[in-house]
Amino acid sequence: MSKEQLVRKIKEGTVLDHVEQGRALQVLQALNIDGKNGNIVTVAMNVSSKKLRKKDIIKIENRFLKPEETNRIALIAPRATVNLIRDYQVFEKRKVEIPDTFVNVFKCPNPTCISNSNEPVSYIIDAVRKNPPLLRCRYCGRLLSPNELI
Ligand SMILES: [Zn+2]
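Caption draft 1: Representation of the sheet that holds strand β4 (residues 81-86) in the model. In spatial order, the strands read β2-β3-β1-β4-β5; together these five strands make up an open sheet with antiparallel pairing. Both edges of this open sheet fall to β2 (41-48) and β5 (89-95), since each of them pairs with a single strand only. Between one strand axis and the next, the sheet turns through 20° on average, direction left out of account. As defined by bridge partners, strand β1 (residues 12-20) adjoins strand β3 (residues 54-61) across six bridges and the pair is classed as antiparallel.

Caption draft 2: Looking closely at the environment of P111. Along the chain, P111 turns up in the loop between β6 (101-103) and β7 (124-130). Considering only alpha carbons, one finds P111 and I76, 35 residues apart in sequence, at a separation of 22 Å.

Caption draft 3: Local environment of the sheet that holds strand β8 (residues 133-137). The antiparallel open sheet is built from four strands, whose spatial order is β6-β7-β8-β9. With one partner strand each, in any of the chains shown, β6 and β9 (143-144) form the two edges of the open sheet. Both β6 and β7 contribute to a ladder of three bridges, which runs antiparallel. Each residue of the ladder has a partner; that of T101, found in β7, is D126.

Caption draft 4: Summary view of the pattern of salt bridges. The full count for this structure, using the stated rule, is seven salt bridges. E69 is paired through a salt bridge with R63; the nearest N and O atoms lie 2.8 Å apart. By relative accessible area, R63 is classed as partly exposed at 22%. The shortest N-O distance in the salt bridge between D126 and R138 comes to 2.8 Å. Of this pair, D126 sits in strand β7 while R138 is found in the loop between β8 and β9, placing the two residues twelve residues apart along the sequence. Owing to a relative accessible area of 48%, R138 belongs among the partly exposed residues under this scheme.

What counts as what
Each chain carries its own residue numbering, running from 1 in the direction its sequence is written. Totals for whole chains, interfaces and linings use all residues, but because this is a predicted model, local features are given only for residues with pLDDT of at least 70 and pairs of side-chain atoms are given and counted only at 80 or more. Each side-chain value is derived from all of the structure's non-hydrogen atoms; neither hydrogens nor water enter the calculation. Any two strands are treated as partners once DSSP identifies two or more bridges connecting them. Only DSSP runs of H or I covering at least 4 residues are called helices, and only runs of E covering at least 2 are called strands; the numbering of each starts at the N terminus. Note on geometry: axes are lines fitted to C-alpha atoms, helical ones only across the stretch in contact, with angles between N-to-C directions running from 0 to 180 degrees. A pairing counts as a salt bridge when a side-chain nitrogen of Lys or Arg comes within 4 Å of a carboxyl oxygen of Asp or Glu. Type-normalised accessible area, obtained with a 1.4 Å probe on protein chains alone, sets the label of each residue: buried when under 20%, exposed when over 50%, and partly exposed for intermediate values.

Function cannot be inferred from these measures alone, as they are strictly geometric.
The following block contains the structure:
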């Protein structure tokens, strides 16, 4: 069985390829995709790949994710490739980039941070440096490495 057959081709939508092995569900969560809006979402985990040893693939039918959406996954799946498909053909291919700010993607790991109290505030994590990534909670100012957030 070839890799192409493993997950069927989609007619229209977004394919996230080269997602780090085992991270597909975290990616879906960061994208706020919970399967309740009716679009077909196909997840393949631990697929063999030349680039990475194993990878995850996510196919979201009938939805074209915008860069500001897919950039939400830049820390979780930094090598992900975003393919936009129309009539079974890729018409746009792009990489993910770390945005200046992550809103409601990650919780601040500081238990005394106001964003972890019952206050109705969003989780806002700013990127103070992108390569290598260094993040900071906008509320408590704690500096955070990607590993503390993922
Ligand atoms: Zn904080």
